[in-house]
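Geometric and topological summary
Chain by chain, the residues run as shown.
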Amino acid sequence: MNRLLPRLLFQLTLWPLLVVAAPFEDSMAQRLLACSACHGDQGRAGPDGFYPRLAGKPEGYLYHQLQHFRDGRRHYGLMTRLVEPLSDAYLAQIARHYAQLELPYPPPKPAAADAATLARGRTLALQGDSGRQLPACVRCHGQRLTGVAPDVPGLLGLPRDYLNAQLGGWKSGQRKAHAPDCMAEVTRALSTAELNALAHWLSSQPVPADSKPALTPPSGPGPAPDCGRASATNPGTGASSASATPGTPAAPELLQRGAYLARAGNCQACHSERGAPPWSGGRGIQTPFGTVYSGNLTPDPATGLGAWSNEDFWQALHHGRSRDGRLLYPAFPYTSYTRVTRADADALFAYLRSLPPVTRAATPHALRWPYGTQAALAAWRALYFEPAGGAAGLAEGERGAYLVQALGHCSACHTARNALGASDRSLDLGGGAIPMQNWYAPALTSPLEAGVAHWSPAEVATLLKTGVAPRGSVTGPMAEVVLHSTQYLSDADLGAMAAFLRALPQQPAAAATVAGVGSARGAKLYDQYCADCHGAQGRGVAAAYPALAGNRAVSLANPSNLVQMVLYGGFAPATTGNPRPYGMPPFALRLSDADVAAVLTHTRSAWGNRAPTVSELDVSRMRAASSPH
């Protein structure tokens, strides 16, 4: 009965940031090296025909596509993972950077299609099909097919494989846009052969010398060129099912308090499915026992909390029981929320009742027998759960413990679990592998992992507020926690959390492990792929690229986090205090399992680091288990 919350993984990845003497250029190009790994230098396009050109595309289009990848309207796991911790403001800057690049296009490859196919593609692109009321491509994408500023992309200069993939994605529903989703309508009306003809003809056409997008849309009949645009008023997929009627009114102060508590618990992350209206549930939470789907927390009376009372909501948080008495699965962390005070529960419920109601029925859980039965839940609770007594809160002066142990439920990730998914309270916050997510949440009670007893209070608070601090930064799941939750907490609450974390009893240092031995191959790979950013001696660049020498995250006995970062890259969270973080490129498509094992073993054994070898089998298992989809 695992309580894993994939968007509440409180995992500190500690990266010491040391100063190097060499000059360093702080530029958007440098910050966006993570993008260049696939899209080529300066966004000129990848070499394999799958990763498109970014340079010179309309700014609005690029911005909206980045949002779509992040929010679930476009699907490519590697992209989603990269942009997940980035804010709208940073996505806008990324879009502006690439849109302003004016670079020549390479000549097109010769068409690999017969004359009839090319002729059909040309007709569809330039004239459309009036008999079927299908507009020509030039109607939306400009007479020169170079796009229309600020939102419509050009269609020339793109490889045929990429065009086929995207047209097929629109036709099958894998790509979506806000209504009116004209691209979906057009592609569904075209046959597969016609889409193939379009891709062949478009990819064989040269790009005009002036490849800038047109400034005004073409005139004439047909749909307006707004395909794929984002909408500030409708963040969902297609027409929103949210009603305009608000929930029960409450005092502004109570609603403000409830909204703050929802941030502290990062509730929206699990109760919002990508691409769907926020708070409407349906997010799949994978566990070793199957998948649990989050519930609808909007005040819809039929499918959400509209018929619930304060007492019902308190029963769910404190006792782990639904309104109808059903036992809730501990993927909902009521084992931590049972410590939430009644006053805070009422404020949180008042805030949820103020949200726009969304009609969305619950998705049935998909758990293996007998884990999905109420009898199994009752047995699990008898062994591992006891509701908090008294006021279900903590005394004044224990605010930090309350935020960490109750609202923040940090132990959901930072504590090891047994075979039935229950936390080992004897090792509370002592670190643990996160099943199904393949991250390791390091021990907050160990000076060799993520313990911060030797940090200053300001350093800990800064890390939680901005995602970066002089002695470390956050990546992976913890980046999402900072992005959506802790950056919004008050300075007083961050200080209280820092005091609690610094006061945690620290485990004695374990016996030294057998260090791996690096190879010439690993050293060569490091020089080729890593040294430009992290330095030949692993010293990194202050406030940009983490030092690897003496880095606790590099030397963890469990190498899962390192393998994830090398394979799939990532950014620190884009916060108010760190609005433009640097990115780590993904190497999943460049390096083999043996390459990743060799470069990590070198890194874990160089410059005074002493950590065990990473094997090719370790990397292979991680790649198979954690590949983003």
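Residues numbered from 1 in each chain as written. Predicted model: local features only at pLDDT ≥ 70, side-chain atom pairs only at ≥ 80, totals over all residues. Heavy atoms only, no water.

1. Quick notes on the overall build of the protein
As a reminder, the rule being used: Think of it this way: any DSSP run of H or I at least four residues long counts as a helix, any run of E at least two long counts as a strand, and we number them from the N terminus. Any two residues having at least one pair of non-hydrogen atoms within 4.5 Å are treated as being in contact. The Shrake-Rupley method, run with a 1.4 Å probe, gives the accessible areas here. Residue values count only the displayed protein chains as cover.
Counting its secondary structure elements, the protein contains 26 helices and nine strands. Taking contacts inside the protein between residues at least 6 apart in sequence as the whole, the part at least 24 apart equals 72%. Surface exposure of the protein reaches about 26500 Å², of which carbon and sulfur atoms provide 57%.

2. Some thoughts on helix α22 (residues 520-529)
Heads up, the rule is: Here's how the labels work: a residue is buried when its accessible area is under 20% of the maximum for its type, exposed when over 50%, partly exposed in between, all with a 1.4 Å probe on protein chains only. Think of the arc as the fan of directions from the helix axis to the C-beta atoms.
Of all the residues in α22, the buried ones are Gly522, Leu525 and Tyr526. Along the axis of α22, the buried residues cluster in a sector spanning 105°; they form a single face. Along α22, the residues that are exposed and aim more than 90 degrees away from the buried face are Ala520 and Lys524. Tucked into the core, α22 has its buried residues touching α23 (531-534) and α25 (593-605).

3. Some thoughts on the pairing of strand β1 (residues 284-287)
We count it as follows: Here the rule is simple: two strands pair whenever DSSP picks up at least two bridges between them.
Of the two faces of β1, the one lined by Ile285 and Thr287 is fully buried and the one lined by Gly284 and Gln286 carries no buried residue. Where β1 and strand β2 (residues 290-293) come together, four bridges link them in antiparallel fashion. In the strand pairing of β2, Ile285 is matched with Val292. Hairpin connection, β1 to β2: the antiparallel pair is bridged by two residues.

4. Regarding the nonpolar core
Here is the rule: Put simply, buried Ala, Val, Leu, Ile, Met, Phe, Trp, Tyr and Cys residues joined by side-chain atoms within 4.5 Å make one nonpolar core.
With 56 residues, the main nonpolar core has Trp279, Phe313, Leu352 and Leu501 as its most contacted residues. Listed by contribution, the elements that provide at least two residues to this core are α11 (252-265), α13 (310-319), α14 (334-337), α15 (342-353), α17 (399-407), α19 (457-466), α20 (477-484) and α21 (491-502). Not counting chain neighbours up to four residues away, the residues in contact with Leu501 comprise Val404, Leu444, Val452 and Val460. One finds Tyr90, Leu91, Ile94 and Leu103 within the second-largest nonpolar core, a separate group that totals 26 residues.

5. Focus on the sheet that holds strand β3 (residues 366-367)
Within a sheet, neighbouring strands are paired by backbone hydrogen bonds and run either parallel or antiparallel to one another. The sheet built from three strands is open, its strands ordered β1-β2-β3 with antiparallel pairing. Looking along the sheet, the strands with just one partner apiece sit at the ends: β1 and β3. Relative to β3, β2 runs antiparallel, the two being bridged by two bridges. Each residue of the ladder has a partner; that of Thr291, found in β3, is Ala366.

6. Quick look at helix α16 (residues 374-384)
Taken together, the buried positions of α16 are occupied by Ala376, Leu377, Trp380 and Arg381. Taken around the axis of α16, the buried residues stretch over an arc of 135°, which confines them to a single face. Exposed and facing more than 90 degrees away from the buried side of α16 are Ala375, Ala382 and Leu383. The elements touched by buried residues of α16 are α13 and α14.

7. Comments concerning the environment of Pro110
Note that Pro110 resides in the loop between α5 (88-99) and α6 (115-126). The exposed category is assigned to Pro110, whose relative accessible area is 75%. Along the backbone, Pro110 and Ser203 are 93 residues apart, and their C-alpha atoms lie at a distance of 8.6 Å.

8. Description of a nonpolar patch on the surface
Where we set the bar: What goes into a patch is any residue over 30% in relative accessible area without a salt bridge, connected to like charges within 9 Å or, for nonpolar side chains (Val, Leu, Ile, Met, Phe, Trp, Tyr), within 5 Å. Salt bridges, as used here, are contacts in which a Lys or Arg side-chain nitrogen is within 4 Å of a carboxyl oxygen on Asp or Glu.
A cluster of nonpolar side chains, namely Leu383, Tyr384 and Leu420, defines an oily patch on the protein surface of about 270 Å² accessible area. Mapping Leu383 onto the fold places it in helix α16.

9. Overview of the packing of helix α8 (residues 160-172) against helix α9 (residues 182-189)
So the rule is basically this: Note on geometry: axes are C-alpha line fits, over the in-contact stretch for helices, and angles between N-to-C directions span 0 to 180 degrees. Oblique is the label for any angle not covered by the other classes, which are roughly parallel (under 35 degrees), roughly antiparallel (over 145) and roughly perpendicular (65 to 115). In this count, Pro and Cys sit with the nonpolar residues alongside Ala, Val, Leu, Ile, Met, Phe, Trp and Tyr, while Asp, Glu, Lys and Arg are called charged and the others, Gly among them, polar.
Two elements in contact, α8 and α9, have axes separated by 7 Å at closest approach and are oriented at 95°. By the angle between their axes, α8 is roughly perpendicular relative to α9. Residue-level contacts link Leu167, Trp170 and Lys171 of α8 to Met183, Ala184, Thr187 and Arg188 of α9. Residue composition of the contact of α8 with α9, grouped by class: four nonpolar, one polar and two charged.

10. Looking at the packing of aromatic side chains
Aromatic rings considered in pairs are described by the distance between their centres and by the relative angle of their planes. Selection criterion: Here is the rule: rings of Phe, Tyr and Trp (six-membered ring for Trp) pair when centre to centre is within 6.5 Å. Planes less than 30 degrees apart are stacked, more than 60 are edge-to-face, and the remainder are tilted. In our convention, an over-ring charge means Lys NZ or Arg CZ found within 6 Å of a ring centre and within 35 degrees of that ring's normal.
Evaluation of the coordinates by the stated rule reveals 14 aromatic pairs. Between Phe50 and Tyr51 the ring centres are 5.1 Å apart and the planes differ by 90°, which places this aromatic pair in the edge-to-face class. On the accessibility criterion, Tyr51 (9% relative accessible area) is buried. An aromatic cluster is defined as three or more aromatic residues linked by ring pairs; in this entry it consists of Phe332, Tyr334, Tyr337 and Phe385. The ring centre of Tyr105 lies 3.6 Å from the NZ or CZ of Arg53, which sits over that ring.

11. Considerations on unusual backbone geometry
Of note, the amide linkage connecting Ala149 to Pro150 takes the cis form, showing an omega dihedral of 5°. Looking along the chain, the bond that leaves Trp369 and enters Pro370 is cis, with omega of 10°. Phi at Ala45 is positive, roughly 115°, even though this residue is not glycine. Relative to the elements of secondary structure, Ala45 occurs in the loop between α2 (33-39) and α3 (59-71). For Ala45, a relative accessible area of 24% puts it in the partly exposed group.

12. Brief notes about the environment of Glu194
Stated precisely, the cut-off is as follows: Pairing of N or O atoms within 3.5 Å defines a polar contact, subject to two protein rules: one partner must be a possible hydrogen donor and the other a possible acceptor, and residues neighboring in sequence count only if both atoms are side-chain atoms.
Checked against the element boundaries, Glu194 lands in helix α10 (residues 192-203). According to the relative accessible area criterion, Glu194 is buried, its value standing at 10%. Separated by 76 residues in the primary sequence, Glu194 and Leu118 place their C-alpha atoms 10.0 Å from one another. The contact partners of Glu194, leaving out residues within four places of it in the chain, are Arg120, Leu124, Arg132 and Ala189. Side chain to side chain, Glu194 and Arg132 meet in a polar contact 2.6 Å long.

13. Some thoughts on the confidence of the model for the protein
Rules: Confidence scores here are pLDDT values: one per residue, from the predictor, ranging 0 to 100.
Averaged over all residues, the pLDDT of the protein equals 87, while 89% of them reach at least 70. Note on residues 1-22: pLDDT is under 50 here. Beyond four places in sequence and across chains, it has 129 contacts. Segment residues 220-246 is flagged for pLDDT under 50; beyond a separation of four residues in sequence, or across chains, it makes 59 contacts in the model.

14. Digging into the side chain of Ser294
One can find Ser294 in the loop between β2 and α13. Of the polar contacts made by the side chain of Ser294, one reaches the backbone oxygen of Cys270; its length is 2.7 Å.

15. Observations regarding the environment of Met79
Locating Met79 in the fold gives a position in helix α4 (residues 77-83). As a C-alpha pair, Met79 and Pro586 span 507 residues in sequence and 9.7 Å in three-dimensional space. Leaving out residues up to four positions away in the same chain, Met79 has contacts with His39, Leu66 and Phe69.

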